[in-house]
Structure formats: C-alpha cells, structure tokens
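Structural characterization, general
Chain by chain, the residues run as shown.
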Amino acid sequence: MRRKTIDELNVLVIDDDRHMRMLIRNVLFALGVKDVIDAADGKTALEEMTDFKPDLILCDLKMEPMGGMEFVKQLRKDPANPCRFVPIIMIAAYADLKTVANARDSGVNEIMAKPLSAAALEKRIQRVLGAPRPFVEAPDFSGPDRRRNKKATPGGPERRETEPKFLTPP
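Residues numbered from 1 in each chain as written. Predicted model: local features only at pLDDT ≥ 70, side-chain atom pairs only at ≥ 80, totals over all residues. Heavy atoms only, no water.

1. What to know about the pattern of salt bridges
One side chain can pair with another of opposite charge once the charged atoms of both are near each other. Note the following rule: Salt bridge criterion: a side-chain nitrogen from Lys or Arg within 4 Å of a carboxyl oxygen from Asp or Glu. Secondary structure is summarised from DSSP: a helix means a run of H or I of at least four residues, a strand means a run of E of at least two, and numbering begins at the N terminus for each. Remark: exposure states derive from per-residue accessible area (1.4 Å probe, protein chains only) relative to the maximum for the residue type, with buried under 20%, exposed over 50%, and partly exposed in between.
Counted under the stated rule, the structure contains 10 salt bridges. Arg21 is the salt-bridge partner of Asp38, the closest N and O atoms lying 3.3 Å from each other. A residue pair is termed long-range when its members are at least 10 positions apart, and Asp38 in strand S2 (residues 35-39) and Arg21 in helix H1 (residues 18-31) qualify at 17 residues. On the basis of relative accessible area, Asp38 is assigned to the partly exposed category, the value being 24%. When its relative accessible area of 12% is taken as the criterion, Arg21 is described as buried. Of the charged contacts, one joins Asp60 and Lys114 as a salt bridge, the two residues approaching to 3.2 Å between their closest N and O atoms. Here Asp60, found in strand S3 (residues 56-60), pairs with Lys114, found in the loop between strand S5 (110-113) and helix H5 (118-130); they are 54 residues apart in sequence, far enough to count as distant. Lys114 sits in the partly exposed class, given a relative accessible area of 23%. Connected via shared salt-bridge partners are Asp15, Asp60 and Lys114.

If you want it as structure tokens, here you go:
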C-alpha cells in the first residue's frame, strides 16, 4: 500500500484550547494539509471519528473531560474502531521523561513539547509517515511497537510473560 504524503492527509486535531487548535490548523495548512477537523477533548474526538476517518491525530495531553492519555488508550484498545491504528502525535506543555514514558506506554507514536514550530511538527509527521512501527497487541498495551532500537539485549532475560501479537494495520 502506498503511503500518503502530507498534502493527502486527513488530520484530527484535539486540544481544549481553541487558539492552540487554530494555530495547529494554520501550521498544517501551511505544510500543505487540506483536510483538518478539530475537537476540544478526547470524548468529542471519538464521536467525530464516526464520520471523519483521520490519517493522523494530533492530540493534547491535558484536557477535560477526557484527556489525551485516556483518549489514546480507549482508541488503541477498541478493536471495532477502524481508526485504532492511526498514528498519534501527542502534544504536551511538559515533555519530561515521565510524561514521555507515559505517552509512549499509552500508545502514541510520537510526542512533542509546546510551543510548536512548523519545522518540528513537519519532522514528526514525516517520521510517523516514513518509518511506521508495527502495531503491538499485548494484555497491557495496544499501540505502535515502543522499541526504537531493534537490537536485543544480549544475555538478558525475556521480561514478557506472554508474546505480543504484531498486527498489520488495514
């Protein structure tokens, strides 16, 4: 299957701040994206995805009533949702190690810190488009393979209790 280019993407922007949604939309339009919709929280975004099928989701971390982590976990765990394999870039005001690890463990593909720049956003989009990671389904995780370095630790013990399933997105 041919990968889409930036100008062919349908993008869903999720952020509770209207001004941030508009800023992200404008950056996406400047990058060539033509089809963008937005939602103010994760719950609304899940409802929007019944009619709009995004190729990419840009999601804020902190929102009410449903924040970014909860949104990602719900989306990734729902086998009936046709959008569960869609790449997600999490946007956070604070990208400390704990936040990055929690975002990765919730099932995001990439995380980036605010304030956004067009160049940084384009780089993240190109990364998720150009180097997609296999989707993993395990008892406590659903999302892109968290390992970026594919080298096994020599002599290290296997830490998994059960083998994960690697799924191929449709």
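Further notes follow.
2. Side note on the packing of helix H3 (residues 68-77) against helix H4 (residues 97-106)
Let me state the cut-off plainly: To define axes, lines are fitted to C-alpha atoms, for helices over the stretch in contact only, and angles between the resulting N-to-C directions are given on a 0 to 180 degree scale. Each angle gets one of four labels, with under 35 degrees taken as roughly parallel, over 145 as roughly antiparallel, 65 to 115 as roughly perpendicular, and the rest as oblique. Contacts are assigned to residue pairs that have any heavy atoms within 4.5 Å of one another. Residues are grouped as follows: Ala, Val, Leu, Ile, Met, Phe, Trp, Tyr, Cys and Pro are nonpolar; Asp, Glu, Lys and Arg are charged; all remaining types, including Gly, are polar.
With their axes 9 Å apart at the nearest point, H3 and H4 run at an angle of 25 degrees to one another. Considering their axes alone, H3 and H4 lie roughly parallel with respect to each other. For the pair H3 and H4, the contacting residues are Met69, Val72, Lys73 and Arg76 in the first and Thr99, Asn102, Ala103 and Ser106 in the second. For the contact of H3 with H4, a count of residues per class yields three nonpolar, three polar and two charged.

3. Looking at the packing of H1 against H5
Put simply, the test is: Crossing handedness follows the turn of the near helix against the far one: under a right angle anticlockwise gives a left-handed crossing, and clockwise gives a right-handed one.
The contact between H1 and H5 brings their axes to 10 Å, and the two run at 70 degrees. Judged on the interaxial angle alone, H5 and H1 are roughly perpendicular. The handedness of the crossing between H1 and H5 comes out as right-handed. Contact residues: Val27, Leu28 and Leu31 in H1; Ala118, Leu121, Glu122 and Ile125 in H5. Among the residues making up the contact of H1 with H5, the classes are represented as six nonpolar, no polar and one charged.

4. With respect to unusual backbone geometry
Of note, the bond from Glu64 into Pro65 is cis; its omega dihedral lies within 30 degrees of zero at 0 degrees. Tracing the backbone through its elements, the reader meets Pro65 in the loop between S3 and H3.

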